[in-house]
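One letter stands for each residue in the lines below.
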Amino acid sequence: QVQLVESGGGLVQAGGSLRLSCAASGSIFSINAMGWHRQAPGKQRELVAGITSDGRTNYADFVKGRFTISRDNAKSTVYLQMNSLKPEDTAVYYCAAATNRVEWGQGTQVTVSS
């Protein structure tokens, strides 16, 4: 099993930046890819960005050019740099790791005020 712990959420004004971190532990050798998802109140959870074990990335259209996903394999940590934040980015952000199943972190709240 893989355990994921997110950090870095908080309250920021529109136009500001935050960096989320996700530290993985446990059977990290089994991780094929990691990613960030988000869920706003009353909405379904949606993919924000993903990164494979060899560094290939993909982004949802609504964050392209604003968010950057990266990983530090030595620290078993994935980051999400979020710039030019908008009120509609307000959500709980979840880290996910793909092994032979999807493992989820507990989530971290991001609130963007207008």
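Here, the structure is the one placed above.
Residues numbered from 1 in each chain as written. Predicted model: local features only at pLDDT ≥ 70, side-chain atom pairs only at ≥ 80, totals over all residues. Heavy atoms only, no water.

A few points about the nonpolar core
Here is step 1 of the chain: By size, the foremost hydrophobic cluster in this structure holds 28 residues, and its most contacted members are Met34, Trp36, Leu80, Met82 and Tyr93.
Here is step 2 of the chain: Listing elements by their share of this core, those giving two or more residues are β1 (2-7), β3 (18-26), β4 (33-39), β5 (46-52), β7 (67-72), β8 (77-82), β9 (91-98) and β11 (108-113). (Core = buried A, V, L, I, M, F, W, Y, C linked by side-chain atoms within 4.5 Å. Buried < 20%, exposed > 50% of the residue type's maximum accessible area, 1.4 Å probe, protein only. Helix = DSSP H or I, 4+ residues; strand = E, 2+ residues; numbered from the N terminus.)

Topic: the pattern of salt bridges
Here is step 1 of the chain: The final tally for this structure, using the stated rule, is six salt bridges.
Here is step 2 of the chain: Note that Asp89 and Arg66 form a salt bridge whose closest N and O atoms lie 2.7 Å from each other. One end of the pair, Asp89, is in the loop between β8 and β9; the other, Arg66, is in the loop between β6 (57-59) and β7, with 23 residues separating them in the sequence.
Here is step 3 of the chain: Note on Asp89: relative accessible area 1%, which makes it buried.
Here is step 4 of the chain: In this structure Arg66 comes out as buried when scored by relative accessible area, which is 11%.
Here is step 5 of the chain: One network of salt bridges, in which partners are shared, links Arg38, Glu46, Arg66 and Asp89. (Salt bridge = Lys/Arg side-chain N within 4 Å of Asp/Glu carboxyl O.)

Quick word on the sheet that holds β3
Here is step 1 of the chain: Taken in spatial order, the four strands make up an open sheet running β1-β3-β8-β7, and their pairing is antiparallel. Lying at the two open borders of the sheet, with one neighbouring strand each, are β1 and β7. Going from strand to strand, the sheet's axes swing by 15° on average, the running direction of each strand aside.
Here is step 2 of the chain: As paired strands, β7 and β8 are joined by six bridges and run antiparallel to one another. (Pairing = 2+ DSSP bridges. Axes fitted to C-alpha atoms, helices over the stretch in contact; angles between N-to-C directions.)

Details of unusual backbone geometry
Here is step 1 of the chain: Positive phi outside glycine occurs at Ser76, with the angle close to 55°.
Here is step 2 of the chain: Positive phi outside glycine occurs at Ser84, with the angle close to 50°.
Here is step 3 of the chain: Following the sequence through the fold, Ser84 ends up in the loop between β8 and β9.
Here is step 4 of the chain: You can call Ser84 partly exposed: its relative accessible area is 41%.

Details of the packing of aromatic side chains
Here is step 1 of the chain: Within this structure, the stated rule accounts for one aromatic pair.
Here is step 2 of the chain: Taking the centre distance of 6.5 Å and the plane angle of 90° together, the rings of Tyr94 and Trp104 count as edge-to-face. In this pair, Tyr94 sits in strand β9 while Trp104 sits in strand β10 (residues 102-104), placing the two residues ten residues apart along the sequence.
Here is step 3 of the chain: Overall, the relative accessible area of 15% leaves Tyr94 in the buried class.
Here is step 4 of the chain: Among the residues examined, Trp104 registers a relative accessible area of 38% and is labelled partly exposed.
Here is step 5 of the chain: Here Arg45 stacks its cationic end above the ring of Tyr94, 3.7 Å away from the centre of that ring.
Here is step 6 of the chain: The ring of Trp104 has Arg45 sitting right over it, with the charged end atom 4.6 Å from the ring centre. (Phe/Tyr/Trp six-rings, centres within 6.5 Å; stacked < 30°, edge-to-face > 60°. Lys NZ or Arg CZ within 6 Å of the ring centre and 35° of its normal.)

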